[in-house]
Every structure is written in C-alpha cells, then in structure tokens.
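# Chain and residue survey
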Amino acid sequence: MRCGAFFRVRLWLMLKWTWDRCSSVSHHTPAKVPTKNQTKLANGETEVHHRPKRGWIWNQFFVLEEHTGPDPQYVGKLHSNSDKGDGSVRYILDGEGAGSIFIIDEVTGDIHATKSLDREKKSHYVLHAQALDRYTEEALEPKSEFIIKVQDINDNAPKFPDGPFVATVPEMSEVGTSVLQVTASDADDPTYGNSARIVYSILQGQPYFSVDPKTGIIRTALADMDREAREHYTVVIQAKDMAGQVGGLSGSTTINITLTDINDNPPKFPQKNYQLYVPESAQVGKPVGKIKANDDDLGINADIKYSIINSEGANTFSISADRDTKEGIISLKKPLNYERKKSYTLHIEGMNTHADPRFSYLGSFKDTATLKITVGDVDEGPVFSIDHYIMDVYENAPRGTEVGAVTARDPDSRNSPVRYFLDSKEDDERYFRIDEITGVIRTTKPLDREDITWHNITVMASEVDNPSLLSHVPVTVQVLDVNDNPPEVAADEEIILCESSRPGQVIQTVTAVDKDDFANGQRFAFALPSQLPVNPNFTLKDNEDSTASIIARRRRFNHLTQELYELPIVVWDGGEPSLSGTSTLTLRVCPCQRHGRIRACQGEAFLSSAGLSTGALIAILLCIIILLAIVVLFITLRRSKKEPLIISEEDIRENVVTYDDEGGGEEDTEAFDIIALRNPAAAEELKFRRDIRPEARQHCGLLRSRRSPSVDLDDVDVQEFIKQRQVDADLDTSVPPYDSLQTYAYEGQGSPTGSISPLDSPGTQSEQDYNFLDEYGPDFQRLAELYGRADSDVSTVCDSNLVQTKSV
C-alpha cells in the first residue's frame, strides 16, 4: 500500500517536471550561460540579458527508510531541457550524503540511495544539482537545491520511559477512583499515518483495575478492596501503535499498586478471659503483666487506649499502652497483701484512639476482656503495730528505767516468733537498750534534758525462722524536764547608773532565765541577800511578774569617786522543789543628760554625745591626718633649708622673740589671790593650788592632817605664822621641784568681834537643792554637780586650799 502511494507521488513529480519543461520559453543566449544580467561590451555599451526559465523544477524526493533490497533504491531523475539526448550534458550532485549515500548517473540523471536510511536518526537530506556541458564544463542550468525526505515506516514500538511505576490507593475506595496515569512514547512520525497513534490496554490486574485506552489513566474497577485481605497488586499496561490495529507494534510496563490502610477494623482481644499470678511482694509502680488487643489496621489506625473500667481493679492496678508493641502494661498502684485479699478481677477495655466516621455503621471500635489476678503468698517480714512510736522518760532517771515497748508480729499464716534489736548505726552512745523478746526499751544511763531533749532511734524486728527478713520502725523518746537547774538573772551587759539619780528612782528592771522548761521556770521571785547588811545605795523591788526593779536609795553618784558598784541578787524559780541562785550585777556610774540619756561613759561616748555620725567622724579624722601631713611636710622643708653660719640679731625674717624673764609664766597671772591676803583661814579652805594637778587633790581631812597641830592663828604673830607656813611648804611633797614664792597678807588677829565678811565662812553647808539647774542645760548641770556634791558625799570641800604663787 505504501509502495503504491510512493509511486503515485513519483508519477506526479515526473508529470510536473514534463509540464515545466514544455511550458518554458527559450531565450537567445550565448554559448556560455551568463552569470550576470548585464555584460559590458568592448565599445562601452551594456548588453542586458533576461533570466531564462529553469529547465527542471522539483522540490523534494522521497525515499523509504529501512530499505533492505539487493539493489540501490531508486530515488528520482534529474533532467534539463538542454539535454538533447546526445550525451553532451553531464549531471553532478553535491550536498548531504552526496557520493556516499546518494549517487547520480551523470548521463541519465538518475539518483539512487546506496544505503538503508533511518528516519528516526535523520529525517531528510538537502542536496544541490547542476547540469554542465560535458565538453566545455559550462553550466547549462544554474545550481538548484532540492530535498530528499526519508519516508517513515512503522519500525518503532511504543515505550514507557519512566516505568516501572509504584502507586497507592486507599482501601475500600469507590469504583473509578483514579490511581495513576501512564504515558508511552513512540519514535515514529506522528504526522504520517498511524505509526505513532497509541492505544492503552490492561494485560494484568483485572478485575481490580482498568485503564483508559486513550489517556492511560488507571482506575479502580472493583469495590470494597480490603487491605487486610490483600494489600499489594501488580498491574501490567500495554501500549500499541497503529491505533491498535493488527500488525501494530506494542510495549508494556508494570505498576505496583498498594492499598493504604484506613481505620476500618476495631480492636479485638484474642480471648475474653485471662489469668495472671502476682506475688504479694510486687513493688508498687512496677509492671506485673501484659495484655494485648489485636487490630488489623496499621499506624495510628491501630493505636489502642487501654483502661480498667471496674473500681475494684482500678483502685489497685493501672494500665498503659506501649507505643511499639501496642500492648497494655499492667502496673501495681497499691501494695498487695495475701492475708487480706487473695485475688482481684479486672475488666479491661481496648479502644481505638482515631476513629473514622465513615465506618461508624460497623459499631463501636472497642472491645473488652476480663483479667483475674491471683495474689501469691510470700514470706514477709514482721509488721509493727504502729508506724511510729513516741515515748517519754524523765531526765535524771536511774539506769534501767523503762521507757516503753514496741510490738511486731509475723503477718504470714505460720505466725513465727519475732526478735527485736536496735540499729547500732544510730545510737552511738547507747542511751537505750531493748529486750529482744518483749520489745521493752530501757535507759542505759541517766539522761539530761538540757543536753538532748529528743532521741530518735530505730527498732528492727526479724522472724526467728527467717532472720534475713527485717522490718524497721522509728521510735522517738522525749526527755521530760525535772527542776534541776537554778535560775539566774539575765544580764548580758552591765547596768548604767546616772550620776543624777534620785532616791526612789528605778535604775533597771531585770528578769531571770532558767535552763529548765516552761513548766518549772515560768515564775521567778527576787530579793537581796538576807545575810548581807542593808545596801546603802540600792534596794530591790519584786514586781511579782517574774521581773524586779533596782531602785536608788540616795541622791546622786559620782563616777570620779566610785565608778562601779556590785549588787548581788537572789532569784527563786517556781518549780517543785524550788531552786534559787545568786547573781551579781555590775552598775557603772556615768554622766547623763536630761531624761536619763547617757552623756559620757566610755571613751567613745564623747563623740557620740555630739551627735556625730560615723561618716562625719571619718571625715574629721581624715582632715586631721591631712593637716598633720601638711605640718610634717612643712617642718621637713624648713629643716632642709641651709641655715646661715651667723644669725644677725637684726634679722627680722625669722621673727625670733627672746625673753629673759625667769618668772612663772602665764600661770603666775592667777597665782596671787587677794583672798589669801585678806583672810588666810578662808583661803586655806577655798583656794585651789594652781601648781598641783587636779588628780592630786586630796580630801580636806588629809590636808588638815599635814598641818602642824601647834600652829594657831589666834595665838601667834605674823612672824610665827609665816615661819609655820614656810615649814608647811617645805614639807609639802606635792609642790613642783622648783622654788616658789608664797605671799601671805596677814594683818593680825583683828577685831575681837570677828569679821562680818562672807569670805570668812567657807565651811558652812547649804541645804539648798541645786537639781533645778539641770533644766538650764549641760553647762548649768556641771555647776549643780559642783555645788551639790558636798551635800551628798562629804561635809567639807574636797579640793586643795593651798594658794601658791609661782615663778620660774
């Protein structure tokens, strides 16, 4: 059939070539075919040539591919209208395949193909043909291009380049559900005939799947395909060209189709009743057994949640699902006791966690089973009657005093005897011991509550038949108090006593402490020691509320006279029997401001009284240090300067002032007191010695003892008086080591009636109270202390009355 078509085309080409040749018009041309439209003549004229029509006309030739005949395949014939048939025209051919694939007869112009061609490798060839004069080699026709097409035959079968294929489709899918589309390719010419027209068909996989013959889409062909029944399918698809006609070529591919799982199967227990043995010694929280419900689904569709649905089993056991094995793990929630309960019944339910509503018509996706657990008897250790024992015993109780008893029994049915002993790791000092048969605990030594109030020990018990089984119980022993400690006055610091204290004024309120507990130490009584004489300075008042007040008995105290006082106090507790203790308190005398605030008592009190903060004190100290450093630096610089060899008295740069006065200096300005001249008796009582330190001032009685008892101012004259004063000055060891001038302006015995001057009466005592001066501030307070001190402590002025005038 294809040969007939080829010959029809060939015949049409030959007819067309003949028509073109007959209808062509020949023009006068020179023997040589001109190559240009114009030719320049010798005389300068230009000859115009008209282009003649071609002697042959063709577009293309056809040649069948895959030609296997013994002779070369005839392609076509070239012929020029200049060819007269005398052999003077020579045809030549060049281009693709010329001379190798395609050859031409130079005389006749016939073209033949010498090789078998493959259209799928090269579908056409472009060649050029020309007619030449055999003798002159002149071109009779211009070079012309033509195409030789390789005509296709059905020599390529369809192929699936991407095969084999793998596809999935959910199980239980509806009929016609698309699975996969396959596409085959054909190397033949799709524009010529049916060589590349493919039709698909299924060779294997029916009746489960089908394929669309034109598109190659594979679809399900059977309803309710169950993955649990069959999961994998192999489908073979064929592609055939020539539109599936007889004689067409075909190719095939394989598609492996897997049904994916959906939750269409509920869990099922293989059996409805199970039994499990669990010993009573099983540990709480540990697994004791397993149970599993089967589910034919996969993945999350097979996830099962287990639960115990009856209260008897849920109170003692728990169940959880293992993700890997899908098993239900049964664990113990409470200890088992064979003697109390020998078996348990568990109703276990297994239910899918992911349900598919499309299959709700199949019913609930869960199942139940019954598990009977038998508790096994195990030899257990002794069991104490209670979990914690609390006992008590009085302190100082004699050795062997019974504290209490513990009891334990064998919980097993054989009731083996029990032996008791203490844990040696705890009671290192061995305060207690226990009777191994009765369990009675006794002391091994007297106990002291003030040392250890609570003792924690551990009692262990074991069975006689099986000593390796031990039980432990904690025992707490409280040591009860006995009144065996005397009370003491609580005084952490010394008591401050203000100098301005008045009689009846409360100096301090004291309390007591007792090492005994509250029951024996809640009430205290206070008193001064009865065996000591009455204290002239202080008294004690019992406030009857376990406190006492220290009260001053006299007016004013002087820290210069006596700084510390000791006060013994006796205190009794309220225990049975009552105990007493004596404590000595120390009272320190200190100057105080108004309202009893301390003015100065220790070295740092002076600074604190000024109201200076710690920061201010530090600043002051830094300033002092800086000033001292400046002074030292200045002196160092002065000394480093070179002194001149001769210092002129007229040199005023040094400002040197020289004094040759050998007098007593500035202190001599007050050395002469007119009172000593006017009334020596009064001067002896009132005047202070300027050349004696205040610390050296003695009691007036001591000064009077230094006087010569033979001197009487009323019986001697002035000469004798001065001599006696000279002797007193020589015997006085408190004067400076240098000479001093003493002047006495004694005018004699005076009038028999005596002097009316107030200077003659220094020894009279005043009953006036100077405490009102405290209200005017610290300056007047010192004045009140000076004038009031003589009224409270001594009857005469305690200062030296020596009047001295000294000069160096």
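Labelled according to an unreviewed UniProt entry, the protein chain appears under the name Cadherin-12, originating from Takifugu rubripes. Taken verbatim from the UniProt record of the protein chain, the Function (unreviewed entry) comment is "Cadherins are calcium-dependent cell adhesion proteins."

Regarding its fold elements, the protein chain presents 10 helices and 42 strands. Look at the contacts in the protein chain between residues 6 or more apart in sequence, and 68% of them connect residues 24 or more apart. For the protein chain, the computed accessible surface area is about 49700 Å², with 53% contributed by carbon and sulfur atoms.

Turning to the sheet that holds strand β23 (residues 366–376), a few remarks are in order. In spatial order, the strands read β17-β23-β22-β19; together these 4 strands make up an open sheet with mixed pairing. Edge positions in the open sheet fall to β17 (273–279) and β19 (304–308), since each of these has one partner strand only. Geometrically, the sheet is characterised by an average inter-axis angle of 30° between neighbouring strands, direction not taken into account. Pairing of β19 with strand β22 (residues 343–352), which is carried by 5 bridges, proceeds in the antiparallel orientation. When the bridges of β22 are listed, Ile 304 appears paired with Asn 352.

Quick look at the pattern of salt bridges now. Taken as a whole and assessed by the stated rule, the structure comprises 17 salt bridges. The salt bridge involving Lys 143 is made with Asp 94; its shortest N-O contact spans 3.6 Å. One end of the pair, Lys 143, is in the loop between β8 (124–133) and β9 (144–151); the other, Asp 94, is in strand β5 (residues 89–95), with 49 residues separating them in the sequence. A salt bridge links Arg 588 to Glu 563; the shortest N-O distance between them is 2.5 Å. Of this pair, Arg 588 sits in strand β40 (residues 580–590) while Glu 563 is found in the loop between β38 (547–552) and β39 (564–573), placing the two residues 25 residues apart along the sequence. What makes Glu 563 partly exposed here is its relative accessible area of 33%. Through salt bridges with shared partners, a single ionic network connects Arg 227, Glu 228, Glu 231 and Asp 261.

Let us now look at the UniProt feature "transmembrane region" (unreviewed entry) in the protein chain. According to UniProt, the "transmembrane region" (unreviewed entry) feature falls on residues 616–637. Regarding residues 616–637, the helix share stands at 100% and the strand share at 0%, and the terminal C-alpha atoms are separated by 32 Å.

Attention now moves to the state of the cysteines. By the definition in use, this model includes 1 disulfide. Here Cys 498 engages in a disulfide with Cys 592; their sulfurs sit 2.1 Å apart. On the S-S bond that ties Cys 498 to Cys 592, the torsion sits near -85°, and the link is left-handed. One end of the pair, Cys 498, is in strand β34 (residues 495–498); the other, Cys 592, is in the loop between β40 and α4 (605–609), and 94 residues separate them in sequence. Summarising the burial analysis for this pair, Cys 498 and Cys 592 share the class buried.

What follows concerns the nonpolar core. Formed by 23 residues in total, the largest nonpolar core has its most connected members in Phe 384, Val 406, Tyr 420, Phe 432, Ile 441, Val 459 and Val 475. Contributing elements (two or more residues each) for this core: β25 (389–394), β28 (418–422), β29 (432–434), β31 (454–463) and β32 (470–480). Broken down by element, this core gets its largest block of residues, 4 residues, from β32. Residues contacting Phe 384, with those up to four places away along its chain left out, are Tyr 389, Val 406, Thr 407, Ala 408, Tyr 420, Val 459, Met 460, Ala 461, Ser 471, His 472 and Val 473. With 22 residues, the next largest nonpolar core counts Ile 330, Tyr 344, Ile 348 and Leu 371 among its residues.

Spatially, β10-β16-β15-β12 is the arrangement adopted by the 4 strands of the open sheet, whose pairing is mixed. With partners counted over all chains shown, the strands left at the sheet margins are β10 (165–170) and β12 (199–204), one partner each. Averaged over all pairs of adjacent strands, the angle between strand axes in this sheet comes to 35°, irrespective of strand direction. Taken together, the 6 bridges between β10 and strand β16 (residues 250–260) define a ladder with parallel strand orientation. Looking at β16, one finds that Val 166 is bridged to Asn 256.

Take unusual backbone geometry next. Phi is mostly negative for residues that are not glycine, and the peptide bonds are mostly trans. Residue Pro 164 is reached from Gly 163 by a cis peptide bond, and omega for that bond is -5°. You can see Pro 164 is positioned in the loop between β9 and β10. In this structure, the amide linkage connecting Gln 206 to the following residue, Pro 207, adopts the cis form with an omega of 5°. One non-glycine residue with positive phi stands out, namely Glu 544, at about 60°. On the secondary structure map, Glu 544 appears in the loop between β37 (538–542) and β38. Even without being a glycine, Ser 546 presents a positive backbone phi close to 65°. A residue is classified by how much of its surface remains accessible, and Ser 546, at 13% relative accessible area, is buried.

What counts as what
- Position labels on residues start from 1 in each chain and follow its written sequence.
- Thresholds applied to this predicted model are a pLDDT of at least 70 for local features of residues and 80 or more for the giving and counting of side-chain atom pairs; totals over whole chains, interfaces and linings are not thresholded and use all residues.
- Side-chain measures here rest on the full set of heavy atoms in the structure, leaving out hydrogens and waters.
- UniProt positions are given in the numbering used here, feature names are shortened, and annotations may be inferred rather than shown by experiment.
- Labels follow the DSSP assignment, with helices taken as runs of H or I lasting at least four residues and strands as runs of E lasting at least two, numbered in each case from the N terminus.
- Contacts: residue pairs with any heavy atoms within 4.5 Å of one another.
- All accessible areas in this document rest on Shrake-Rupley with a 1.4 Å probe, and a residue is counted as covered only by the protein chains that are shown.
- At least two bridges found by DSSP between two strands are what make those strands a pair.
- For helices, the axis comes from a line fit to the C-alpha atoms of the stretch in contact; other axes are also lines fit to C-alpha atoms, and the angle between any two N-to-C directions lies between 0 and 180 degrees.
- Each salt bridge in this description consists of a side-chain nitrogen of Lys or Arg and a carboxyl oxygen of Asp or Glu lying within 4 Å of one another.
- Exposure categories follow from relative accessible area, calculated using a 1.4 Å probe and restricted to protein chains: below 20% of the type maximum is buried, above 50% is exposed, and the middle band is partly exposed.
- Count a disulfide wherever a pair of cysteine sulfur atoms falls within 2.5 Å.
- In these notes, a set of buried Ala, Val, Leu, Ile, Met, Phe, Trp, Tyr and Cys residues joined through side-chain atoms within 4.5 Å is what counts as a nonpolar core.

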